[in-house]
There are 2 protein chains.
Amino acid sequence: MSIYTNIANHIALNPSEREYLDTKLRLKHIPKKTMLLEQGEVAKKFYYVDQGSLRAFNTNTKGKESTIMFAMKDWWITDMYAFMNQKPALVSIETLEKCALVELDFKAMESVLDKLPKLERYFRILFQRAYVREQLRVLDNISSDVEQRYFRFIEKYPDVSRKITQKQLASYLGVTPEFLSQIKNK
Amino acid sequence: MSIYTNIANHIALNPSEREYLDTKLRLKHIPKKTMLLEQGEVAKKFYYVDQGSLRAFNTNTKGKESTIMFAMKDWWITDMYAFMNQKPALVSIETLEKCALVELDFKAMESVLDKLPKLERYFRILFQRAYVREQLRVLDNISSDVEQRYFRFIEKYPDVSRKITQKQLASYLGVTPEFLSQIKNK
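Residues numbered from 1 in each chain as written. Chains lettered and ligands numbered in written order. Predicted model: local features only at pLDDT ≥ 70, side-chain atom pairs only at ≥ 80, totals over all residues.

Overview of the relation of the copies chain A and chain B
What relates the two chain copies is a rotation about an axis together with a slide along it. Of the transformation placing chain A onto chain B, the axial shift is 0.0 Å and the rotation is 180 degrees, giving an RMSD of 0.0 Å. What the superposition gives is, in effect, a two-fold axis relating one chain to the other. (Least-squares fit on C-alpha atoms with pLDDT ≥ 70 in both.)

In structure tokens, the structure reads:
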């Protein structure tokens, strides 16, 4: 599993620590277009993407769908608000293609951090980066127009761009698919 | 300093650990309306708010100012993107009133995490919450209208709302002060 390579980029686990962690992780193969989490359900799992890609989206009271994040190989994904507080999720999560995911349960994560405190560092770096990513997105949304944001997105996430539909990208940028297609045709 | 109470909510430091940490922190008293970081400068410090309040804002190429975040007592603030990567800041940070701030240098933070790995847990929790806060903001911006966002903001952050100007709040919500005042008068 590439998760151990990913972890090894930040901390060194000895064989027994790795063995313990392995008892808490579960590798799952999930078909394309599978809902892993439905908005309103308690988010019980944190997923590491070993292979494939996913999307998290919110549907508002008027039925409008907004894509909140995409996740690719080596990213982690869940509704972190709902996972952390064990509350109903504000987003749904679906696979965009066939995926291999490493599942970490809420309780398993607590035990893992308790038994292997060095993983605190791994997750500290992960959340620090995720925080920066979201803050850059807020900055981008506030200070740039849709055209700039579109080009920045495809430049920054070329792999994501290739795997998603125009409708999904439009709902991430907060515009209609028609408006996005006008920008692309310019 | 309330920072030790804040840390004690998450981890237990023994007296010698606390003493070591104390050598790396500096309490500073800063007057109102002081620029702590200018957009374009490398962000060298991470600030814990012991007293007072601050604002981080971006000025785009057209001169438009957008408020990215506010920080109150017991919050941490910096341009995390710039601090983490030691790159030029994308935002400026100013005090909104007289502040007492605890400064942590970039290098001091590295040493502290190295010498006191249990602080990884404290910062993991901090960044995990910051990530959730930013993700909720993205969700809010995408799926709600300005009126809903305004009421949610004053409900969620009553202390912040009392300390900021209408212009600052409008630039946080991404609208003109006139538009915000129309909403308030409704």
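After that view, the rundown keeps rolling.
Examining the interface of chain A and chain B
Listed as interface residues are 28 residues of chain A and, on the opposing side, 29 residues of chain B. Counting residues per element, the ones that place at least two in the side of chain A that touches chain B are strand 5 (65–71), helix 3 (80–85) and helix 5 (119–143) of chain A. Here the side of chain A that touches chain B takes 18 residues from helix 5 of chain A, the largest share from any one element. Each residue belonging to the side of chain A that touches chain B can be placed in one class, and the counts come to 15 nonpolar, eight polar and five charged. (Contact = placed C-beta atoms within 7 Å. Helix = DSSP H or I, 4+ residues; strand = E, 2+ residues; numbered from the N terminus. Nonpolar A, V, L, I, M, F, W, Y, C, P; charged D, E, K, R; others polar.)

Regarding the sheet that holds strand 2 (residues 35–37) of chain A
Residue and element names in this part refer to chain A. Taken together, four strands build an open sheet; the order of strands is 2-7-4-5 and the sheet is antiparallel. Both edges of this open sheet fall to strand 2 and strand 5, since each of them pairs with a single strand only. Across the sheet, the axes of successive neighbouring strands diverge by a mean angle of 30 degrees, strand direction being ignored. In the sheet, strand 2 pairs with strand 7 (residues 92–95) via two bridges, with the strands oriented antiparallel. Across the sheet, residue methionine 35 finds its bridge partner in strand 7, namely glutamate 94. Contacts from helix 8 (residues 166–173) reach strand 4 (54–59) and strand 5 within the one sheet, and its direction differs from that of strand 5 by about 100 degrees. (Pairing = 2+ DSSP bridges. Axes fitted to C-alpha atoms, helices over the stretch in contact; angles between N-to-C directions.)

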